[in-house]
Amino acid sequence: MNTAAGSLIAIALIAAALWVGTRWLVRSSSRYRGSRIVVCPETKRPAIVAVDSLHASLSLPDIRLENCSRWPIKAQCGQECLTDLDVAPGRCLVSGVLMRWYRGRNCAYCSKEFPDLHWLDHRPALLSPAGKRMSWNEINVDTLQTVLETYSPVCWDCYIAQNFRLDHPDLVTYRPWLNDNSGGADGWSASRHH
Ligand SMILES: [Zn+2]
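Residues numbered from 1 in each chain as written. Predicted model: local features only at pLDDT ≥ 70, side-chain atom pairs only at ≥ 80, totals over all residues. Heavy atoms only, no water.

Undergrad: How should I be thinking about the overall build of the chain in this particular structure?
TA: Looking only at helices and strands, one finds seven helices and six strands in the chain. Counting helices and strands in the order they occur from the N terminus, the chain gives α-β-β-α-β-α-α-β-β-α-β-α-α. In the chain, which comprises 194 residues, the share counted as buried stands at 35%. Put simply, 48% of the contacts in the chain that link residues at least 6 apart link residues at least 24 apart. Carbon and sulfur atoms provide 58% of the accessible area of the chain, an area that totals close to 12,500 Å². (Helix = DSSP H or I, 4+ residues; strand = E, 2+ residues; numbered from the N terminus. Buried < 20%, exposed > 50% of the residue type's maximum accessible area, 1.4 Å probe, protein only. Contact = heavy atoms within 4.5 Å. Areas by Shrake-Rupley, 256 points an atom, 1.4 Å probe, with all protein chains shown as cover.)

Shown next, in the form of structure tokens:
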């Protein structure tokens, strides 16, 4: 075997090892990715936490938090809530709860039914009982249960369109939204390709 062929085989082996390693890392870190609702052991109240997914996949079973809704004030806590995550990882994913909530419901503006959502892109929003549009970032986790019971879902299209209308009233040419089943959606879709 000459040197050139030898180095080619070596490079191929290294590339294959890198590929397998990367796939394993991505797969095992995705197991922990996403925010989860936990009950904070200190306050007994719900908190949203994010697991350091890369760290968790590299050094099981040493899992640590990347973020918590109670930080930075309680950043030095013992992260005892992680014992819950070990028991049922994924079951209490916030995005899972929210996606189930949207599924089969209808947008408060255009009445379109929500399809199966992909939580990472085009997140839908909410309409409060008082008529205020809100994104999920504005929702305090302590009130999550009340929000799910009393707020109405708003699709991403309508959320963006409504906010755009408020921010740039001079640029908007389509007719004002009618809060009924036919007007709003058609008005928007007819003019969105201007
Ligand atoms: Zn809508």
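Undergrad: I keep staring at the pattern of salt bridges and nothing clicks. Help me out?
TA: Oppositely charged side chains are able to pair whenever their charged atoms sit close together. By the definition in use, this model includes one salt bridge. A salt bridge links Glu138 to Lys132; the nearest nitrogen and oxygen atoms lie 3.6 Å apart. Using a relative accessible area of 39% as the deciding quantity, one classes Glu138 as partly exposed. (Salt bridge = Lys/Arg side-chain N within 4 Å of Asp/Glu carboxyl O.)

Undergrad: Got a minute to help me understand the coordination of the zinc ion in this structure?
TA: Tetrahedral metal sites with four donors have an ideal angle of 109.5 degrees; octahedral sites with six donors have ideal angles of 90 or 180 degrees. The coordination sphere of the zinc ion contains the protein donors Cys107 (SG), Cys110 (SG), Cys155 (SG) and Cys158 (SG), at a distance range of 2.2 to 2.3 Å. Coordination geometry of the zinc ion: the four donor atoms subtend angles of 102 to 115° at the metal centre, consistent with an arrangement described as tetrahedral. For the zinc ion, the donor residues sit on a single chain with the sequence spacing C-x2-C-x44-C-x2-C. A relative accessible area of 11% means that Cys155 is categorised as buried. (Donors = N, O, S within 2.8 Å, 3.2 Å for Na, K, Ca; no water. Tetrahedral: all angles 85-135°; square planar, octahedral: opposite > 155°, others 65-115°.)

Undergrad: Is there a simple way to think about the packing of aromatic side chains in this case?
TA: Note on aromatic pairs: each is described by the distance of the centres and the angle between the planes. A full pass over the atoms with the stated rule returns four aromatic pairs. A ring pair is formed by Trp101 and Tyr102, whose centres lie 4.9 Å apart and whose planes are at 80°; its orientation type is edge-to-face. For the residue pair Trp101 and Tyr102, the accessibility class agrees, reading buried in each case. Between Trp101 and Trp136, the aromatic rings sit 6.2 Å apart at their centres with planes inclined by 90°, giving edge-to-face as the arrangement. Taken together, the residues Trp101 in helix H4 (residues 94-102) and Trp136 in the loop between strand S5 (133-134) and helix H5 (144-150) connect sequence positions 35 residues apart. Members of the aromatic cluster, connected to one another through ring pairs, are Trp101, Tyr102, Phe114 and Trp136. (Phe/Tyr/Trp six-rings, centres within 6.5 Å; stacked < 30°, edge-to-face > 60°.)

Undergrad: Would you take a moment to explain the sheet that holds strand S6 (residues 152-154) for this structure?
TA: Pairing between the strands of a sheet comes from backbone hydrogen bonds, and it takes one of two forms, parallel or antiparallel. Read from one edge of the open sheet, three strands run S5-S4-S6, paired in antiparallel fashion. The open sheet has two edge strands, S5 and S6, and neither has a second partner. (Pairing = 2+ DSSP bridges.)

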